[in-house]
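Residues per chain are reported as follows:
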Amino acid sequence: MLNIALRTLRARWATFAGSFVALALGVGLIATMGLALAATLNAPHRAPERFAAAPVVVRGTDTLRVTTAHGVREKRLDRPRPVPAATAAALARLGRTVQDRTFPVRADGTPAGTVGHAWSAAAFTPYRLTAGRAPATPGEIVTTGGWAAPGARVTLHTPDGVSAARTVVGTVVRTVVGTAPDSGFEDPGFEDPGFEDPGFEDPGFEDPGFEHAGFEHAVFFTDAEAARLAPRIDTVVVYADPAAVRASAPGDLDVLTGDDRRRADPDPDRDSEALTTVNALLGTAGGVTGFVSVFVVASTFAFAVAQRRREFALLRAAGAAPRQLRRLVIVEAAVVGAVASAAGCVLGRFGAPRLAAWLVDADIAPSWFAIGGDAWPYWTAFGTGLGVALAGAWAASRRAGRVGPMEALREASVDRRTMTAGRWVAGGGLLLLGLGLLVRQVLTDPSDALHRKTYTTQPMLLITAFALLAPVVVGPLTKALAWLPARLPGIAGRLVRENVLAGVRRTAAVAAPVLITVALAGSLLGVTATVNAAKAAETRAQSAADFVVTSDAGGLDAATVARVRALPGLDAAAIAPTTVYRLEDGVALVKDEARAVDPAALAAVTNLPVTAGKVTDLDDRSIVVNEEWPQHTVGSQVDVWLGDGRRTSLRIAAVLRTGTGGNGAYVTPLNAPGAAPDRIDVRLRAGTDAGRAGTDAGRAAGAAAALRAAVAPGGGHVLSKEQWLAVSYPATSRQTRIGTLLVLGIALLYSCIALANTLVMATADRVRDLAVLRLAGATLGQVLRLVAAEALLIVAVGTTLGAGVAALNLLGVKAALAALSVPSSPVVIPWTATGAAVAVCALLAVPAAVIPARLALRGRAVGLVGGRE
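Can you walk me through the packing of helix α12 (residues 459-468) against helix α23 (residues 780-819) in this structure?
Each packed pair of helices is defined by two parameters, the angle between the axes and the distance between the axes. Two elements in contact, α12 and α23, have axes separated by 10 Å at closest approach and are oriented at 145°. Seen from above, α12 lies across α23 with right-handed handedness. Contact residues: α12 offers Pro 459, Leu 462, Ile 463 and Phe 466, while α23 offers Leu 801, Gly 804, Val 805, Leu 808 and Asn 809. Taken together, the residues that form the contact of α12 with α23 break down as seven nonpolar, two polar and no charged.

This is the structure we're talking about:
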């Protein structure tokens, strides 16, 4: 059997070339994604940075640990607690201590996220002076990053709400050091970080420079000025025995030594978090890629077997048993599958590093991201490719075994039985399952339909169902789409229609890649745009503000808030982002985004979707929740942990609709320790004069001018409601957008290759039919135009099927939004992107059909009809 299979492969290499190309490319994509995913599983080790030269670091814990019946659950705290002044004094009795404070500062030209520190803390990174000297007075600063030179005068916005001009007296750069000992550390006597200690050896970590996303841009003040600007003590460095320090520190403080000091760095988990983002992106892209690859490969193998129906009939006539035909098909698939899968693994080896480099260039992956030496992605891709080839061949071999000997005598190539019982069951079952999931989500959990994983993976069921059931609808669709061309003068329109109808299986196979492309483009981009439009409509409906005050620094100081609240004729609500944590079902520790507000002011500037209770009932012992919380009965008590990890029990004062997910919890500022407002919503009071008499426009202009004067010292900006809505319009994050484009790009590329591949196979199978047309009097140009028109009609069929899948998904999301009582918003159809995908498929389909036909018709038509190809 193997010998016969090898001879068949050699004799019909053109038929198997299409299957080989589809499988090799599919395995190459799976291997590429697998290797990239494997590289995201482990982040590199990073040495301490901020406190690399510190002996013992004491700070408030940044992890919330809750013991449940199923073990300890952990979450990263929104804001670690400060070190109490009494604890700092107790630590000072053990040895010399240095208090470190970190607070935001901003000036023109400062990089985003610039922070302030006390000068004495610069010794622990350590920083060394490259120019100038240390600060000596409150008006002097030292900077990193080279954005200001010594002698420059800069106006800094600081947490005290006062913008003051300060003089840059020095600049520093970071010196990479080794690891300080865990115990027995002798105070080296750092008095001035301008002294470069030559005793530290570089441990091999390459400093990426100040443009690295993880480490800080800093401005250093005198110790007294830093303490005035930020009284909160974030960290205390202690020159003492670590055991004595641990004995003196309360349980809610972390005592860090050795490599653990990296936990006190800014964003110490940035490497693992960056990999988590890349992992999620590649996981989604890999899942879609795997689906598209498997789908196209299985379809291609099945079509290749269907093309050989007459050949199998001849073998049956020669005495071959059905069992032998099935074995022949499977052996052929095993040979092609093994060789193509191996070739695909080689393609993956070359493709993965290029994908990793692209992710780095696009700022999706960190600069150190690279492909490792894992072997399991190769085995996974190889096994998947071989398995799909065998599975597709097995299903097709069952049909091959049922071919009767008399079919060898047929001259016509009309499909008589395009739907088997198995295809009916699989296609119908998947269609019912996909529609059932859409209905279930709308009725039971509509918010789940808005999650990216849901609307990314759910179309796969409907795509598969539509592809399996395509032969059923190809006939009616073809007749509908070709209705007008078939009625035009001449025979061409009717001939195109009848040729497509005669090869229903061929049409379904060629239309499948177009179906995938259009369905994914319409579903992914359409759902994302529709959800964003719904979020924007929800935000607009909930805001009653006339103006919104924001800040580039990410926070507004208390002095700025007080100046705005003091303006006459205005209602102002300062809104600060915070976090609350809760146990769900006694097992899962859930983090909920929340906002700290003044209840009376909030009610004046918002129209929140309250379903029970009143927002004005919110006080320091209560909370406003949404319907997603398992317990959301007004008056009931809920146990929560605040942003700094403190546990408290709060009464539910009001319940909000879930909406698109932006209706989070609300607490008072007392329950949001350390949270700074990121915006102030301002509304003109009815019947009052906010600074200028006359028309409403005049009042608004006067209010805007008064607001700008009030927020200018703190670096705030005043936006009208419409300006703020435009700026804050919900937009897909850059990573998600690039991930979606990656998914669509891969699907489009692979589908186009599969489309061209399938068309080449289909055209090669129609050489006799085309030759008959030549003998009937058609010119070569007429035959080629006929082939091109057939290709375009098949693309139109695939486009219609794909549009049906996208429409069902968009309608499901629209129904989910209605079930969530989201304000009316339109269904956004991505006409441009979908039209571009269809155009690419059409532009590729025409030459993929015409060129093989032109090459096949080079010989005499009589000879082609007679079988001398």
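What am I meant to see in the packing of aromatic side chains here?
Both the distance between ring centres and the angle between the ring planes are used here to describe each pair of aromatic rings. Summed over all chains, the structure comprises four aromatic pairs. Between Trp 119 and Phe 220, the ring centres sit 5.7 Å apart and the planes meet at 85°, which makes this aromatic pair edge-to-face. Here Trp 119 is found in the loop between β6 (115-118) and β7 (127-132), whereas its partner Phe 220 is found in strand β11 (residues 218-221), with 101 residues between them in sequence. Measuring from ring centre to ring centre gives 5.2 Å for Tyr 127 and Phe 220, while their planes differ by 70°; the resulting arrangement is edge-to-face. Note that Tyr 127 is positioned in strand β7 and Phe 220 in strand β11, a separation of 93 residues in sequence. Geometry around Phe 51 places Arg 50 over its ring, the cationic atom sitting 5.0 Å from the centre. When the ring centre of Trp 629 is taken as reference, the NZ or CZ atom of Arg 582 above it lies at 4.6 Å.

What exactly am I supposed to notice about the confidence of the model for the protein here?
As a note on interpretation, predicted positions should not be read in detail where pLDDT is low. Overall, the prediction assigns the protein a mean pLDDT of 82, with 86% of residues at 70 or greater. Note that pLDDT drops below 50 for residues 178-214; the model gives that stretch 61 contacts with residues more than four away or on any other chain. Low confidence marks residues 690-694, where pLDDT is under 50. Its contacts with residues over four positions away, or in another chain, come to twelve contacts.

Would you mind going over the sheet that holds strand β4 (residues 97-100) with me for this structure?
Adjacent strands of a sheet pair through backbone hydrogen bonds, lying either parallel or antiparallel. The strand order β4-β12-β1-β13 describes an open sheet built from four strands, whose pairing is antiparallel. Both outer strands of the open sheet, β4 and β13 (253-256), are each paired with one neighbouring strand and no more. Here the strands of the sheet are splayed against their neighbours by 20° on average, with no regard to which way each runs.

Looking at this structure, how should I read the pairing of β11?
The two faces of a sheet get side chains in turn, since along a regular strand they alternate between them. Where burial is concerned, the two faces of β11 agree: the one with Ala 218 and Phe 220 and the one with Val 219 and Phe 221 are both buried. Here strand β8 (residues 140-143) pairs with β11 via two bridges, running antiparallel. Across the sheet, Val 142 pairs through a bridge with Phe 220, a residue of β11.

Could you clarify how one ought to interpret the pairing of strand β9 (residues 153-157) in this entry?
Sheet topology note: the β9/strand β10 (residues 163-174) ladder contains five bridges and is antiparallel. If you follow Thr 155 over to β10, its bridge partner there is Ala 165. Connecting β9 to the antiparallel partner β10 that follows it, the hairpin turn spans five residues, and Gly 161 within it adopts a positive phi of roughly 85°.

When you look at unusual backbone geometry in this model, what are you seeing that I'm missing?
Where the residue is not glycine, phi is negative for most of them; where a peptide bond is considered, it is trans in most cases. Residues Thr 125 and Pro 126 are joined by a peptide bond in cis, for which omega reads -15°. Within the fold, Pro 126 resides in the loop between β6 and β7. Despite not being glycine, Asp 363 has its phi angle at roughly 60°, a positive value. Along the chain, the position of Asp 363 falls in the loop between α8 (322-361) and α9 (376-401). Overall, Asp 363 belongs to the exposed group, its relative accessible area being 55%.

Got a minute to help me understand the pattern of salt bridges in this structure?
Opposite charge on two side chains lets them pair, provided their charged atoms get close. Within the structure shown, the criterion is met by 21 salt bridges. Note that Arg 582 and Glu 584 form a salt bridge whose closest N and O atoms lie 2.8 Å from each other. Residue Arg 582 is classed as buried on the basis of its relative accessible area, which comes to 7%. Note that Asp 592 and Arg 582 form a salt bridge whose closest N and O atoms lie 2.5 Å from each other. Note that Asp 592 is positioned in strand β16 (residues 588-596) and Arg 582 in strand β15 (residues 570-584), a separation of ten residues in sequence.

Definitions and cut-offs
Residues numbered from 1 in each chain as written. Predicted model: local features only at pLDDT ≥ 70, side-chain atom pairs only at ≥ 80, totals over all residues. Heavy atoms only, no water. Axes fitted to C-alpha atoms, helices over the stretch in contact; angles between N-to-C directions. Helix = DSSP H or I, 4+ residues; strand = E, 2+ residues; numbered from the N terminus. Left-handed = near helix turned anticlockwise from the far one by under 90°. Contact = heavy atoms within 4.5 Å. Nonpolar A, V, L, I, M, F, W, Y, C, P; charged D, E, K, R; others polar. Phe/Tyr/Trp six-rings, centres within 6.5 Å; stacked < 30°, edge-to-face > 60°. Lys NZ or Arg CZ within 6 Å of the ring centre and 35° of its normal. pLDDT = per-residue confidence, 0-100. Pairing = 2+ DSSP bridges. Buried < 20%, exposed > 50% of the residue type's maximum accessible area, 1.4 Å probe, protein only. Salt bridge = Lys/Arg side-chain N within 4 Å of Asp/Glu carboxyl O.

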